[in-house]
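Letter by letter, the chains look like this.
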Amino acid sequence: MARQLDEQIAGRYPVGQRLRVLDVGMGQGTQALRLARLGHQVTGLEQDATMIAAAREALSGEPEGIRDRMRIIEGDGRDTGVHFLPGSFDVVLCHGVLMYVEEPDALLAGLARMLAPGGLLSLLVRNADALAMRPGVSGDWQGALGAFDTVSYRNRLGLDVRADRLATLTDALAGIGAPLQAWYGVRVFTDTAPDTAEIPDDVEDLLAAEERAGRTDPYRQVAALLHLCGVRG
Ligand SMILES: C[S@@+](CC[C@H](N)C(=O)[O-])C[C@H]1O[C@@H](n2cnc3c(N)ncnc32)[C@H](O)[C@@H]1O
């Protein structure tokens with residue numbers, strides 16, 4: 001996923017250009033910190049105080065140059081207009097957040113407004129078109145049957161949340177002036193691996209197979225997650 005994001009950034013901006021990045025719902029700040037290390041000016045917006053504390057802790061261990069390039073703001077991703085001026089970012093990330101938001105269109109419109117013309121909106125969402133895959137390949141037939149005609153699912157934290165359909169998001173992105181530029185499947189083969197699974201010896205091959213499937217039809221269509229990239233016109 002990081003590779004796909006870097007590829008989209010590299011396709012739009014000259015190498016070495018310091019970009020203004022907003023990471024909405026940054027969690028512990030893994031992506032935000034990675035992009036700050038690459039030289040970008042990163043703002044992380046997060047509503048959860050525990051996550052904010054973890055991100056601050058991680059940042060505190062970084063060299064001064066990186067600490068200076070990253071700012072962390074506690075707030076709601078639906079309120080970007082309160083915190084920032086329109087058009088003030090080149091890249092806006094919203095990864096693993098949309099499932100928790102009841103009215104995604106309003107959030108997405110707010111994120112698109114934050115983008116400068118030509119800016120990149122990167123979304124990572126649960127794929128509502130393939131919700132039966134996880135229970136199905138795990139042999140949970142009742143679960144699979146119940147997952148065909150819904151966009152709701154129970155996540156690994158036990159929360160009932162929403163997945164999103166590619167076609168719906170494609171329309172939404174067009175409607176907010178950031179039409180879909182590219183999309184990828186994420187976790188095609190590895191979705192049922194437990195979070196605690198040990199890293200296998202052949203992890204490079206695993207990543208290569210995932211990467212290939214995530215870019216290839218029909219595999220990417222049944223990925224657990226979708227990575228969508230829209231570009232502000
Ligand atoms: C699954 S984590 C993803 C974290 C990170 N983006 C990543 O990809 O690893 C979802 C994060 O979104 C945050 N979040 C959910 N709704 C939010 C909102 N409306 N505004 C800001 N943050 C939100 C949660 O607190 C949580 O830290």
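Keep in mind that what you see is a predicted model, and the values were worked out from it rather than measured.

Calculation notes
- Residues numbered from 1 in each chain as written.
- Predicted model: local features only at pLDDT ≥ 70, side-chain atom pairs only at ≥ 80, totals over all residues.
- Heavy atoms only, no water.
- Salt bridge = Lys/Arg side-chain N within 4 Å of Asp/Glu carboxyl O.
- Helix = DSSP H or I, 4+ residues; strand = E, 2+ residues; numbered from the N terminus.
- Buried < 20%, exposed > 50% of the residue type's maximum accessible area, 1.4 Å probe, protein only.
- Near = heavy atom within 4 Å.
- Polar contact = N/O pair within 3.5 Å; in protein donor to acceptor, adjacent residues only side chain to side chain.
- Areas by Shrake-Rupley, 256 points an atom, 1.4 Å probe, with all protein chains shown as cover.
- Nonpolar A, V, L, I, M, F, W, Y, C, P; charged D, E, K, R; others polar.
- Pairing = 2+ DSSP bridges.
- Axes fitted to C-alpha atoms, helices over the stretch in contact; angles between N-to-C directions.
- Contact = heavy atoms within 4.5 Å.

Draft legend 1. Broad picture of the pattern of salt bridges. Per the counting criterion, the structure on display carries 14 salt bridges. Two residues, arginine 34 and aspartate 6, come together in a salt bridge whose shortest N-O distance is 2.8 Å. Of the two residues, arginine 34 sits in helix H2 (residues 30–37) while aspartate 6 sits in helix H1 (residues 2–10), which places them 28 residues apart along the sequence. For aspartate 6, a relative accessible area of 26% gives the class partly exposed. When salt bridges with common partners are traced through the structure, they connect Arg134, Arg156, Arg187, Asp191 and Asp195 into a single cluster.

Draft legend 2. Structural view of the site of the ligand. The environment of the ligand is made up of 13 residues, and the closest members are Gly25, Glu46, Asp76, Gly77 and His95. In the model, an oxygen atom of the ligand is placed 2.5 Å from a nitrogen or oxygen of the glutamate 46 side chain. Within the contact set of the ligand, a nitrogen atom lies 3.0 Å away from a side-chain nitrogen or oxygen of aspartate 76. Alone, the ligand offers 590 Å² of accessible surface; in the complex the protein occludes 76% of this. For the shell around the ligand, the per-class residue count stands at three nonpolar, seven polar and three charged.

Draft legend 3. Spotlight on the sheet that holds strand E3 (residues 70–74). Read across the sheet, seven strands follow the order E3-E2-E1-E4-E5-E9-E8 without closing on themselves; strand pairing throughout is mixed. Looking at the sheet topology across the chains shown, the edges are occupied by E3 and strand E8 (180–186). Between one strand axis and the next, the sheet turns by 15° as a mean value, whatever way the strands run. Bridge count for strand E5 (residues 115–126) against strand E9 (residues 225–231) is seven bridges, and the pairing is antiparallel. Within the sheet, the bridge partner assigned to leucine 121 lies in E9 and is glycine 230. Where helix H3 (residues 49–60) meets the sheet, it contacts strand E2 (41–46) and E3, and its direction lies at approximately 165° from that of E3.

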